[in-house]
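Architecture and fold: a report
Residues per chain, in single letters:
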Amino acid sequence: MVLESAHNKFHKEKKNRHLSIETGNTKYDSRNNCNAIIETMTNTLIIGCKTTIIPNSVTNIGEKAFSVCGGPTSIIIPNSVMNIQKEAFQSCNLTSITIPNSVTSIGEKAFAGCSGLLSIKVENDNAKYDSRDNCNAIIEALTNKLLTGCINTTIPNSVTSIGDWAFYNCKGLTTITI
């Protein structure tokens, strides 16, 4: 598949690139000068980079969209986003992340390997995920499973399980109290 091959090649070279799609392309766009490639029909951001601004019309952040891009350190996920696919931000330089109330699905390893992550927050009115007790983590509300943590995470007593990749490559983590 041509796009898949180009996607893999691009991920190796995208650290500080400017991303745009030619006018008239009906399959992909780079709306609002967002510095990203978006699949038009599904509103899925498929490739982002250090300076990407996610448009309010994006509903999905695709698999490996920001994976190993070297950045961003911080990104605003708009309330239009419902799905963050697997490995979307894996190994990015994120230092903080806020999950909006619109997100109903977070894929496996979405934030795995973000070794500089210091602050994790889920908006209070998210029905699927939370950061109860200001714990600095993403917890699946229904199962009480901690999905993503960081060096500043305090695991609440209500957590009943910890995801396989919750603390992957969490540099600086020296102790965890369970």
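Use the structure listed above.
Note that this is a predicted model, so its numbers are computed, not measured.

**What about the sheet that holds strand E10 (residues 138-140)?**
Adjacent strands of a sheet pair through backbone hydrogen bonds, lying either parallel or antiparallel. In space, the 4 strands of this open sheet follow the order E9-E10-E11-E12, with mixed pairing throughout. The open sheet has two free edges, formed respectively by strand E9 (129-130) and strand E12 (161-162), since each of these has just one partner strand. One ladder, built from 2 bridges, connects E9 with E10; its direction is antiparallel. Within E10, the residue paired with Tyr 129 across the bridge is Glu 140.

**Some thoughts on empty space enclosed by the protein**
Counted according to the given criterion, the structure contains 1 cavity of 30 Å³ or more. Together, 13 residues line the largest cavity, and Phe 111, Cys 114, Gly 149, Ala 166 and Tyr 168 are the ones closest to its centre. Tallied by class, residues from the lining of the largest cavity come to 9 nonpolar, 4 polar and no charged.

**Some words on the pattern of salt bridges**
One side chain can pair with another of opposite charge once the charged atoms of both are near each other. Taken as a whole and assessed by the stated rule, the structure comprises 4 salt bridges. A salt bridge links Glu 87 to Lys 64, with the shortest nitrogen-to-oxygen separation between them at 3.6 Å. In this pair, Glu 87 is assigned in the loop between strand E5 (83-84) and strand E6 (96-99) and Lys 64 in the loop between strand E4 (60-61) and E5, connecting sequence segments 23 residues apart. For Lys 64, a relative accessible area of 35% translates into the label partly exposed. Residue Lys 109 is joined to Glu 87 by a salt bridge in which the shortest nitrogen-to-oxygen separation is 3.6 Å. Note that Lys 109 is positioned in the loop between strand E7 (105-106) and strand E8 (119-122) and Glu 87 in the loop between E5 and E6, a separation of 22 residues in sequence. Assessed through its relative accessible area of 21%, Lys 109 is described here as partly exposed. Its relative accessible area of 11% is what places Glu 87 among the buried residues. Several salt bridges share partner residues, and in doing so they unite Lys 64, Glu 87 and Lys 109 into one network.

Calculation criteria
- Residues numbered from 1 in each chain as written.
- Predicted model: local features only at pLDDT ≥ 70, side-chain atom pairs only at ≥ 80, totals over all residues.
- Heavy atoms only, no water.
- Pairing = 2+ DSSP bridges.
- Helix = DSSP H or I, 4+ residues; strand = E, 2+ residues; numbered from the N terminus.
- 1 Å grid on protein atoms, 1.4 Å probe; cavity = no way out; pocket = protein on both sides within 12 Å on 5 of 7 lines; lining within 4 Å.
- Points joined across faces, edges and corners; volume = space filled by probe spheres on them.
- Nonpolar A, V, L, I, M, F, W, Y, C, P; charged D, E, K, R; others polar.
- Salt bridge = Lys/Arg side-chain N within 4 Å of Asp/Glu carboxyl O.
- Buried < 20%, exposed > 50% of the residue type's maximum accessible area, 1.4 Å probe, protein only.

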